[in-house]
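# Inside the fold
Residues per chain are reported as follows:
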Amino acid sequence: MKAALRALVAICSVMLSDEAMADGVLQVGPPPEPTIQWLAIVVFMAFVSLTLVITYVAAKRTGTTEEFYSAGGNLTGFQNGMAIAGDWMSAATFLGMSGLVFTFGLDGIVYAIGAAISWPVIMFILSDRVRNLGRHTYMDVIAFRLDNVAIRTLGSFSGLTIIFLYLTAQMVGAGALIQILFGLPYWVAVVLVGVLMSIYVSFGGMLATSWIQIIKAAILLVGGTLLGTMALSHFDFSLDQMLDSARAASPLGEDVLLPGNLLKDPVAAISLGLAFLFGPAGLPHILMRFYTVPDGRTARQSVSWASLFIAYFQIVVFLIGLAAITLLAGQSQYFGADGKLIGGANMAALHLSDLLGGQWLLGVVSAVTFATIIAVVAGLTLSAASTFSHDIYATVIARGRRDEKREILISRLATIAVGVVAIGLGILFEKQNVAFMATLSLAVAASVNFSLLFLSLFWSGLTTRGTVWGGAVGLVSSITMVCLSAAVWVDILGNAQAIFPYPHPTIFSLPLTLLVAIVVSMLDKSPRAQAERAAYRQQLVISEMGQAGAKTPSTDPSNSTVI
Amino acid sequence: MPDRDYFNSEKSGGLVVRRRVDALLTALTTALFLAPLCLIIVHPDAFSTKAIIGWGFALILYSVCSTWLYQWWISNVERRGGLK
């Protein structure tokens, strides 16, 4: 049991693909020999069986690009809200954030807020406008009145960078978790995950992916609620009692519930905050969800439902982390000889489930964790495949000479290719600390995708030239700053001191992108630029009011100028 | 092509107002998150544990309530303008 728990934690420590792990501060224990968790296997196989049935049914209904990319655009607000929540709530949200609170105490509340606070911003600025202007991907929006080829080429670089960063971290974690559950070699486990996600996406497209996300979100919410309720019952559901107990039990003493254990620098905190606020609004696999509903109004409903589920889950996970401080204290079976939690702090929720519910609860929570990973990688894979087929092939290569059947074939082939690449990356990065990828993906999403979306929607002066220059500068600067930060320059490359002194680049890279895009656009006096500025009015009307009489707006990928 | 008057009129449901509200709410959301965060980091002794947790939970609650209220409001705007 202890060996399995060690392995689970070590694995989960690399599933840190979202904001909760952006600092990469949690400790990873050495992966022990695999031990089979039979109950977890049973629950997990039930989940896989159900999802394969869904994929089979969805495959029969997926014959057009509308169905493959957007599930026909017929999801309800509630369904899509659950799917968005499923896409957002990764294993790192559950295990990583609770581990963060367990280790650093009160500062974990910032990550809880961070996961929830972007949704109002998405609602106010993006959701229905993105839906009204686009068809399959967020690049439909930016390229609406700008040059399609240039914009989609740039967008593909940034979008695929984000997706592969996320995907690698998930694959590493998922492979290791499967290794423990089934006793398989790591590389076999990674291949298994890659094959599963490829099947879901290539056959079932967005319809299968959406329903898998919905089911996963439901079981994650139920699992988290169960664990949280059992934990809180030990404190008579009293926050005061929980806080007093944590102070007494934590090695940090009173300091565990004082700020400053994790976030010490206001510049770093603002940078992290900006990544939280605007990063999710630039994630390709999240934005893609807005095209699965029939209109802008339903897109807004989706955001409302998603914010409700995510907010609830964040509070539950925060309380689980707080409860773990007390309940795990003194339980020597979960601590190593060095006094640290076996396998690292990410293990807190799993240890807690074992403590409160024995092997059955541990098995259920483990299976829920793995289901979460599978669902997230499926969503990321679909987003990557759509970038290849819709943005690169249909627009850049085919220049709008669309053949629907060929495009779907390209999508399916791209899915398999993404699966192969993801497997390769998962094997390559097995021993690496991949937590920095979380920082980088949110930073790129906020700095490049969100910035350019924002400018294209709200500023008539944006031109193709400004977009390309701004996006390129944002992409290069954010990647460079993270590579020069401690997470990569010191921790991975072994240098003595970081060149870039902050863990998060967003406070610098986001304004830089905006500045370059604005200045270059203003200096652009070309005839194309004049036409692009003149076309803003039409874009404004459609973004605000939708395309009259159209359920799914038409965005001709061959359109390079808009009158 | 609708002109500026159209966007101010009842037909559009006052969409110009909506864009201004959007900007205001986005700025408000950003300030509600970043300003207290900076204060807490710069003056950690000035805030009790319960106050910080209360701020956190209130902000999470705000994220939910704001999306639902905003959706209700904009739906009414669209309905008045005959856009639904």
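Structure's up top.
## Details of the overall build of chain B
Assigned secondary structure in chain B consists of three helices and zero strands. Scanning chain B from its N terminus toward the C terminus, one meets helices and strands in the order α-α-α. In chain B, which comprises 84 residues, the share counted as buried stands at 45%. Considering only residue pairs separated by 6 or more positions, chain B has 59% of its internal contacts joining residues 24 or more positions apart. Taken as a whole, chain B presents about 4400 Å² of accessible surface, with 68% of it coming from carbon and sulfur.

## Regarding a nonpolar patch on the surface
Residues and elements named next belong to chain A. Judged by side-chain polarity, Leu39, Val42, Leu226 and Trp360 come together as a nonpolar surface patch covering roughly 360 Å² of accessible area. Tracing the sequence through the fold places Leu39 in helix α2 (residues 38–60). We classify Leu39 as partly exposed; its relative accessible area is 33%.

## Side note on the packing of aromatic side chains
For the structure on display, the rule yields 16 aromatic pairs over all chains. On the numbers, 5.3 Å between centres and 40° between planes, the contact of Phe454 of chain A with Phe458 of chain A is tilted. Within this pair, Phe454 of chain A and its partner Phe458 of chain A are both found in helix α16 (residues 436–458), separated by four residues, close to a single helical turn. For Phe458 of chain A, a relative accessible area of 25% puts it in the partly exposed group. Centroid distance Tyr70 of chain B to Trp73 of chain B: 5.8 Å. Interplanar angle 55°. Geometry classified as tilted. In this pair, Tyr70 of chain B and Trp73 of chain B are both assigned in helix α3 (residues 49–80), three residues apart and thus about one turn of the helix distant. Among the aromatic side chains, those forming a connected cluster through ring pairs are Phe78, Trp305 and Phe309 of chain A together with Trp68 of chain B.

## Focus on the interface of chain A and chain B
Contacts between chain A and chain B engage 55 residues on the former and 44 residues on the latter. Counting the surface chain A buries against chain B, the share from its top three residues, Phe124, Arg537 and Met545 of chain A, is 16%. In this assembly, chain A and chain B are joined by five salt bridges. Note that Lys50 of chain B is salt-bridged to Asp240 of chain A, the shortest N-O span being 2.3 Å. Between chain A and chain B we count 10 residue pairs in polar contact (both at pLDDT 80 or more) in total. Of all elements in the fold, only α6 (108–133), α10 (239–249), α11 (266–278), α13 (296–327), α16 and α21 (536–545) of chain A reach the threshold of two or more residues within the side of chain A that touches chain B.

## Here's the deal with the environment of Gly379 of chain A
Residue and element names in this part refer to chain A. Along the chain, the position of Gly379 falls in helix α14 (residues 348–397). With relative accessibility at 5%, the residue Gly379 sits in the buried group. Along the chain, Gly379 and Gln497 lie 118 residues apart, while their C-alpha atoms are 37 Å from each other. With residues near it in sequence (within four places) discarded, Gly379 still touches Asp87, Thr209, Gln213 and His285.

Analysis parameters
Residues numbered from 1 in each chain as written. Chains lettered and ligands numbered in written order. Predicted model: local features only at pLDDT ≥ 70, side-chain atom pairs only at ≥ 80, totals over all residues. Heavy atoms only, no water. Helix = DSSP H or I, 4+ residues; strand = E, 2+ residues; numbered from the N terminus. Buried < 20%, exposed > 50% of the residue type's maximum accessible area, 1.4 Å probe, protein only. Contact = heavy atoms within 4.5 Å. Areas by Shrake-Rupley, 256 points an atom, 1.4 Å probe, with all protein chains shown as cover. Patch = residues over 30% accessible without salt bridge, like charges linked within 9 Å, V, L, I, M, F, W, Y side chains within 5 Å. Salt bridge = Lys/Arg side-chain N within 4 Å of Asp/Glu carboxyl O. Phe/Tyr/Trp six-rings, centres within 6.5 Å; stacked < 30°, edge-to-face > 60°. Buried area = accessible area lost by both parts, 1.4 Å probe. Polar contact = N/O pair within 3.5 Å; in protein donor to acceptor, adjacent residues only side chain to side chain.

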